[in-house]
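Structural description and commentary
Chain by chain, the residues:
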Amino acid sequence: MNTKFHRLKEGDKVQGAEIVCECLVRQGIKIIFGYPGGANIPIYDALYRYPSLHHVLVRHEQGAAHAAEGYAWATGNVGVCFTTSGPGATNLVTGLADAMLDSVPLVCITGQVPSGLIGTDAFQETDVVGVTLPVTKHNYLITRPEEIVSVIHEAFYIASHGRPGPVLIDIAKDAQTGYAVFHYPRQQDYLKEKVKMKATDDEVVKITNLLNSAQKPLIVAGHGMLLSGDGKTLLAIAEKQDIPVTLTQLGLSTIPTNHRLYMGMPGMHGNVAANRAPNQCDVLLAVGMRFHDRVTGEVANYAPQAKIIHIDIDPSEIGKNVKPYLGVVGDAKTVLEQILPRLKSKKNQEWLSQFTAWKNEEKVKVFDKELKSKKLKSAQVVEMLSEETNNSATIVADVGQNQMYAARYYSYRSYNSHFTSGGLGTMGFALPAGMGAKSGDPEREVWIVIGDGGIQMTLQELATIVQEKLDLKIALLNNNYLGMVRQWQELFYKGNYSEVKLKNPNFQKLCEGFGIPSLKVTNQNDVRKAIRKARKTKGPYLVEFIVEAEENVFPMIPAGAGLDGMIVCKEDMKK
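A separate point is the overall build of the protein chain. Tallying secondary structure elements over the protein chain gives 23 helices and 19 strands in all. Relative to a compact globule of 575 residues, whose C-alpha radius of gyration would be 25 Å, the protein chain shows 24 Å and is just as compact. Counting only C-alpha atoms and orienting by the principal axes, one finds that the protein chain spans roughly 70 × 65 × 40 Å. For the protein chain, the proportion of its 575 residues judged to be buried stands at 59%. When contacts within the protein chain are restricted to residue pairs at least 6 apart in sequence, long-range pairs at least 24 apart make up 75% of them. By element, 51% of the accessible surface of the protein chain is carried by carbon and sulfur atoms, the whole surface being about 22,800 Å². A gap of 6 Å separates the mean positions of the 63 positive and 60 negative side-chain charges of the protein chain.

Okay, structure coming up:
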């Protein structure tokens, strides 16, 4: 831990605001995303004296939360953000909800009006604890400076241990300006006996017996597997028994997508093999995933014939959506390491041949049509982006059609290289999240893949990107529509395009105003040249790709339908 800029010693009597900064330094924090205001100005005054804490001045507090998420995704550390009271704090709510659903560790510190004014409808007062209670793992209200050290210490532990998530600390202004004696606690296990990390011996025996006897096993791994920090053990299990692996959207990049056992992404716009397999397998090993409705479709018809083994560190997820044959609470990596030595080596050639057939069907009906189209398609852009970046860039995807193209057509070869908003589906997530990812790990090549609708929700952060001099690239897929909603209206609402047509700004002039170089691409021949130019240019760069206006993402599973209701291509809807 870098102690160069520590300013406090045990027993020093100082203001609460300085204690906040000292605690962050001692937690190993180097970057904070935030926005100052009246209720947190004492913290910013103290921050001025802590040069080891680099503050990124966002242009909107939602951007601070998403940037902290991107930082956490990229580094594996807790992301930190500051806001003031009232609207500053409520602007965080979307980011908190996003982090909560996707298990991203954050500590968000908000200023609050002086404790004597709490409950009086004071200027810029909001019951932040009450507002954020449903969208945080835990939250606190601090009214005395003596509480600051213990709360911050505990908050970081809670945010990062067990199932990660966001924690909010609301600090009254007088607690920031008041004085307290500084004492930093020793490390404590706040969740001792509350987080079960290992499977029992009996559970290990049951899991291995099921897998050893399976004829058609299947692995579905989610974000929890990625958060465990280990795709190698998952792959070792798959290779030992020739088990096909599918990765949920948030689990993408856990194993390389070019591996022979990788069978795609399940879900509403997932791959054919990944969606067909659950209803034909006999044993389904679900690791670090929560059986989200976008993955399962109609729950009653999800893998009814299979014996489901569900491994998750959060006991509340076991049986919440899909009742497993065997539910095991534990850390994904730890439990897989327990079962690996007990697995018998075996081949599953007949079962794997079925996946080959499914993959060929999708190739003919979907991939070939998209990638060989004479019109410029988003799929083509993403595939060429993958090739030009040697399949090794970090892709921070927004929400909508662009998100699905990024998931389906980029070949992820590097571990933990795909970030997106999964559970909440927050449009505008990618711009500040990409900014946070690049800030946290400058050595990464980071590409933001975003649509014309999503970028306009958080485009003010372009100014932050410039101010921070981030070498960040943006692939803007512009179809002049809210593409995903338009697709649904076309397919299920008789083509009634209600409020989805966008009158967009001139993105080149917009970029010029922010001081960001850009290019506009309208045909396939210029895609690679534009990507290469962006990569060679130091600093931020935006490439706008004008893609087919009414392109659709297939396959798709209509809302409420089961996996058997998957529509592989548009022509299948006419059958």
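Here we take up helix α11 (residues 232–241). The periodicity of an α-helix, 3.6 residues per turn, causes residues three or four positions apart to be oriented the same way. Looking at α11, one finds that the buried residues are Thr233, Leu234, Leu235, Ile237, Ala238 and Gln241. Those residues of α11 that are buried lie in contact with α9 (201–213), β9 (217–221), α10 (223–227), β10 (245–247) and α14 (332–339). Of the residues one or two after α11, Asp242 is the one with positive phi, at around 55°.

Topologically, Phe33 is positioned in strand β2 (residues 31–34). Using a relative accessible area of 0% as the deciding quantity, one classes Phe33 as buried. Taking the C-alpha atoms as reference points, Phe33 and Asn523, separated by 490 residues in sequence, lie 38 Å from one another. Beyond its immediate sequence surroundings of up to four residues, Phe33 is in contact with His55, Val56, Val58, Ala64, Ala67, Ala68, Tyr71, Val80, Cys81, Phe82, Gly436 and Ser439.

Moving on, we get to the pairing of strand β11 (residues 283–287). Among the 5 residues of β11, 5 are classified as buried, and the element is accordingly described as predominantly covered. Pairing between β11 and strand β12 (residues 307–312): 5 bridges, direction parallel. Counted as the bridge partner of Val283 is Lys307 from β12.

Our next topic: helix α3 (residues 61–75). With 15 residues, α3 should reach 21 Å at 1.5 Å per residue; the first-to-last C-alpha distance of 21 Å fits that figure. In terms of burial, α3 is largely enclosed, as 14 of its 15 residues are buried. Among the residues trailing α3, Gly76 stands out with phi positive, at a value near 80°.

Sheet topology places strand β18 (residues 518–521) next to strand β19 (residues 541–546); 4 bridges connect them, and they run parallel. Each bridged residue has a counterpart across the sheet, and for Leu519 the counterpart in β19 is Val543. In this fold, β18 hands off to helix α23 (residues 527–536), which returns the chain to β19; that crossover is right-handed.

Spatially, the 6 strands line up as an open sheet ordered β3-β2-β4-β5-β7-β6, and their pairing is parallel. Two strands bound the open sheet, and with one partner strand each, they are β3 (54–57) and β6 (138–142). Across the sheet, the mean angle separating the axes of adjacent strands is 20° when strand polarity is ignored. Direction of pairing for β2 relative to β3: parallel, over a ladder of 4 bridges. Within β3, the residue paired with Phe33 across the bridge is Val56. The strands touched by helix α7 (residues 148–160) within the sheet are β4 (79–83), β5 (106–112), β6 and β7 (166–172), with β6 carrying the most contacts at an inclination of about 170°.

Strands sit in the order β10-β9-β11-β12-β13 across an open sheet of 5 strands; the sheet is parallel. Edge positions in the sheet fall to β10 and β13 (326–329), since each of these pairs with one other strand and no more. Along the sheet, successive strands turn relative to each other by an average axial angle of 15°, direction set aside. Here α9 sits on the sheet and contacts β11, β12 and β13; the angle it forms with β13, its principal contact strand, is near 135°.

Here the focus is the domain arrangement of the protein chain. Much of the literature gives interface size as the accessible area that the parts lose upon coming together. Segmentation of the protein chain into domains returns domain 1 (13–181), domain 2 (201–354) and domain 3 (374–547). Using only C-alpha atoms to locate each centre, domain 1 and domain 3 end up separated by 30 Å. Taken residue by residue, the interface counts 24 residues in domain 1 and 25 residues in domain 3. Surface buried jointly by domain 1 and domain 3 totals about 1,900 Å² across both partners, of which 62% is contributed by carbon and sulfur atoms. For the domain 1 face of the interface with domain 3, the top three residues by lost area are Arg59, Trp73 and Ala74, together amounting to 32%.

To continue, consider the environment of Gln305. With respect to the secondary-structure elements, Gln305 resides in the loop between α13 (293–296) and β12. Here the alpha-carbon distance between Gln305 and Ser353, two residues 48 residues apart in the chain, equals 20 Å. Contact partners of Gln305, with chain neighbours within four places excluded, come to Pro278, Asn279, Gln280, Cys281 and Asp282. In terms of polar contacts, Gln305 uses its side chain to reach the backbone carbonyl oxygen of Pro278, at 2.7 Å. Looking at Gln305, its side chain comes within polar contact range of the main-chain oxygen of Cys281, at 2.7 Å.

Before going further, it helps to examine the pattern of salt bridges. What the rule picks out here adds up to 29 salt bridges. Residues Arg49 and Glu18 are paired through a salt bridge, measuring 3.7 Å at the closest nitrogen-oxygen approach. Linking Arg49 in the loop between α2 (41–47) and β3 with Glu18 in helix α1 (residues 16–26), this pair joins segments that are 31 residues apart in sequence. Among the residues examined, Glu18 registers a relative accessible area of 12% and is labelled buried. Glu361 serves as the salt-bridge partner of Lys365, at 3.4 Å between the closest nitrogen and oxygen. Placement of both Lys365 and Glu361 in helix α15 (residues 349–371) is noted, with a separation of 4 residues, approximately one turn of the helix. A single network of salt bridges, built from pairs that share partners, joins Arg163, Asp314, Glu317 and Lys320.

This next bit is on the state of the cysteines. According to the stated counting rule, one finds 0 disulfides in the structure shown. No disulfide involves Cys21; its sulfur sits 9.3 Å from that of Cys23, the nearest cysteine. The buried category is assigned to Cys21, whose relative accessible area is 0%.

Our focus in this paragraph is the nonpolar core. In terms of nonpolar packing, the biggest core is built from 98 residues, with Ile207, Ile219, Leu234, Leu284, Ile311, Leu336 and Phe545 touching the most fellow members. The biggest single contributor to this core is α15, with 6 residues. Of the residues that make up this core, three or more belong to each of domain 2 (201–354) and domain 3 (374–547). Other than its neighbours up to four places away in sequence, Ile219 contacts Leu234, Ile237, Ala238, Ile243, Pro244, Val245, Thr246 and Leu285. Core analysis: the next-biggest nonpolar cluster, separate from the first, contains 49 residues, Ala65, Cys81, Ile474 and Cys511 among them.

Definitions and limits used
- Residues numbered from 1 in each chain as written.
- Predicted model: local features only at pLDDT ≥ 70, side-chain atom pairs only at ≥ 80, totals over all residues.
- Heavy atoms only, no water.
- Helix = DSSP H or I, 4+ residues; strand = E, 2+ residues; numbered from the N terminus.
- Rg over C-alpha atoms; globule rule 2.2 N^0.38 Å.
- Buried < 20%, exposed > 50% of the residue type's maximum accessible area, 1.4 Å probe, protein only.
- Contact = heavy atoms within 4.5 Å.
- Areas by Shrake-Rupley, 256 points an atom, 1.4 Å probe, with all protein chains shown as cover.
- Lys, Arg positive; Asp, Glu negative; His and termini not counted.
- Charge placed at Lys NZ, Arg CZ, Asp CG, Glu CD.
- Pairing = 2+ DSSP bridges.
- Expected span 1.5 Å × (residues − 1).
- Right-handed = clockwise from strand over helix to strand, strands pointing away.
- Axes fitted to C-alpha atoms, helices over the stretch in contact; angles between N-to-C directions.
- Domains from an automatic or database assignment.
- Buried area = accessible area lost by both parts, 1.4 Å probe.
- Polar contact = N/O pair within 3.5 Å; in protein donor to acceptor, adjacent residues only side chain to side chain.
- Salt bridge = Lys/Arg side-chain N within 4 Å of Asp/Glu carboxyl O.
- Disulfide = S-S within 2.5 Å.
- Core = buried A, V, L, I, M, F, W, Y, C linked by side-chain atoms within 4.5 Å.

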